[in-house]
Amino acid sequence: MSRGRRVAAVAVVLLTVAGGAVAVTAFGADLGLRDPAGEPATSGPPATAPVIRGTLVDTRRESGKLSYGDVTPVAGRLGGTVTELAAVGSTVHRGQSLYRADNTPVVLLYGPLPAYRVLAPGTVGADVQQFEQNLKALGYKGFAVDDKYAEATAAAVKKWQKSLGLPETGVVELGRVVYAPGPVRVDAHKSAVGDELQPGRELLGRTGSTRVVVVELAVSAQRLARTGTPVSVTLPNGTVAGGRIARSRTIVAPGTAATQTTKIEVTVTVDDEQVLAGLDQASVDVAFTASRRENVLSVPVAALLALPEGGYGVQIVDGAGTRVVPVQTGMFANGRVEITGAGITESTRVGVPS
């Protein structure tokens, strides 16, 4: 076969990898391929790059919103009149007052169970144990922390009530405490001082006290939403902060019945909240780690060649000349691809197009 009949055209093969397109080029006579007569091509590769051993990390960047998280309403359970509301933007801790009814405090305690009944001697249940755990955390003693509301518990409750200026009954009335997972931030007032308290009426909205980043992912990207996985967060000022996925949940994005879409809502906590100073709400970028490969050989994606017989190869360049070696590809990440093949080692040089 004459030189003029050798392959000279550029072939481009598109590989779909992680939702994107990767171009793989075969650069004709520059491959150093031999024609059937065994005559080598004379031109070498336009450039070379070394095979590198290291870690490949496949990252995906998504936009997120910095905020204090979801707003939870706080409704009144007592009667009377609203005489005080915790200030908007303030943080309320365990044992402190969220609001006052008839000038008596409604107190924040920590726990997952909502208050749903009166607690008095003889009451048994998980809500009793949750309340006793809070009572102990506030410094009260002389009772066992268990699921039984005993007379010793009632005695400690009387001391607690005295400190709050409440009647010392030893009974915790329904509506006197509000439970949350931890400290809360008052997001907004829903009622005003002087309003009449009615069962179920919203008094204020609360959030968590820690700023978080919320990202909505397509369901197809659920693999990115593993709880505990590290991420990096880029703030509006360019600062990059470490973070971690705290939780994820499936939500239905707002819209009509025909346009509603299912999303994965991911909540990210930032390792050092000090970097968020001055930012209550902002748009940020979050880099998720889709996959990671340690101690692998990789080359620039552009070094991959589409072989006539199928599959891919790389052009090895050394003192003996050039030759094409078939390779198996692995993970693609950040413009590089993991490869394995006969004779390919760290620092082997491969041809790449200019």
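None of the values given here were measured: they were computed from a predicted structure.

**Q** Help me out: how do you make sense of helix α1 (residues 126–137) in this one?
**A** The periodicity of an α-helix, 3.6 residues per turn, causes residues three or four positions apart to be oriented the same way. The terminal C-alpha atoms of α1, which comprises 12 residues, lie 17 Å apart, in line with the 16 Å expected from a rise of 1.5 Å per residue. Those residues of α1 that sit buried are Asp 127, Val 128, Gln 130, Phe 131, Glu 132, Asn 134 and Leu 135. Buried residues along α1 sit in contact with β9 (104–110), α2 (151–164) and β10 (177–180). Positive backbone phi, at 105 degrees, marks Gly 139, one or two positions downstream of α1.

**Q** Please explain the pairing of strand β13 (residues 202–208) as it appears in this structure.
**A** Sheet faces and side chains relate simply in a regular strand, where the side chains alternate between the two faces. Across the seven residues that make up β13, a large majority, five, are buried. Looking at chain direction, strand β11 (residues 184–189) and β13 are connected through five bridges and run antiparallel. Directly across from Val 186, in β13, lies its bridge partner Arg 206.

**Q** Is there a simple way to think about the sheet that holds strand β7 (residues 91–92) in this case?
**A** Pairing between the strands of a sheet comes from backbone hydrogen bonds, and it takes one of two forms, parallel or antiparallel. The strand order across the open sheet formed by four strands is β5-β13-β11-β7, and the pairing between neighbours is antiparallel. Since the sheet does not close on itself, it has two edges, and those belong to β5 (72–75) and β7, each with one partner.

**Q** How should the nonpolar core be read in this particular structure?
**A** As a rule of thumb, soluble globular proteins bury nonpolar side chains together. Membership of the largest hydrophobic core comes to 23 residues, with the highest contact counts inside it found for Val 213, Leu 217, Val 233, Val 266, Val 286 and Phe 288. Elements with a minimum of two residues in this core: β14 (212–218), β15 (230–234), β16 (240–253), β17 (261–270) and β18 (282–300). A total of five residues in this core trace back to one element, the largest contributor, which is β18. Sequence-distant contacts of Val 233, that is, excluding residues within four places in its chain, are made with Val 213, Thr 239, Val 240, Ala 241, Val 268, Val 284, Asp 285 and Val 286. Ranked by size, the runner-up nonpolar core spans 19 residues in total, among them Ala 101, Leu 108, Tyr 110 and Leu 203.

**Q** Looking at this structure, how should I read the environment of Glu 132?
**A** Take Glu 132: it is sitting in helix α1. Residue classification places Glu 132 among the buried residues on the basis of a relative accessible area of 0%. The spacing of Glu 132 and Val 157 is 25 residues in sequence and 9.3 Å in space, taken between C-alpha atoms. When sequence neighbours within four positions are dropped, the list of residues in contact with Glu 132 reads Phe 143, Ala 144, Val 145, Asp 146, Lys 148, Tyr 149 and Thr 153.

**Q** When you look at the pattern of salt bridges in this model, what are you seeing that I'm missing?
**A** Pairing is possible between side chains of opposite charge, provided their charged atoms come close. Inspection of every chain in the model, using the stated rule, returns 13 salt bridges. In this structure, Arg 176 and Glu 173 form a salt bridge, with 2.8 Å as the shortest nitrogen-oxygen distance. A salt bridge links Arg 293 to Glu 338, with the shortest nitrogen-to-oxygen separation between them at 2.7 Å. Of this pair, Arg 293 sits in strand β18 while Glu 338 is found in strand β22 (residues 336–340), placing the two residues 45 residues apart along the sequence.

Procedures and definitions
- Residues numbered from 1 in each chain as written.
- Predicted model: local features only at pLDDT ≥ 70, side-chain atom pairs only at ≥ 80, totals over all residues.
- Heavy atoms only, no water.
- Helix = DSSP H or I, 4+ residues; strand = E, 2+ residues; numbered from the N terminus.
- Expected span 1.5 Å × (residues − 1).
- Buried < 20%, exposed > 50% of the residue type's maximum accessible area, 1.4 Å probe, protein only.
- Contact = heavy atoms within 4.5 Å.
- Pairing = 2+ DSSP bridges.
- Core = buried A, V, L, I, M, F, W, Y, C linked by side-chain atoms within 4.5 Å.
- Salt bridge = Lys/Arg side-chain N within 4 Å of Asp/Glu carboxyl O.

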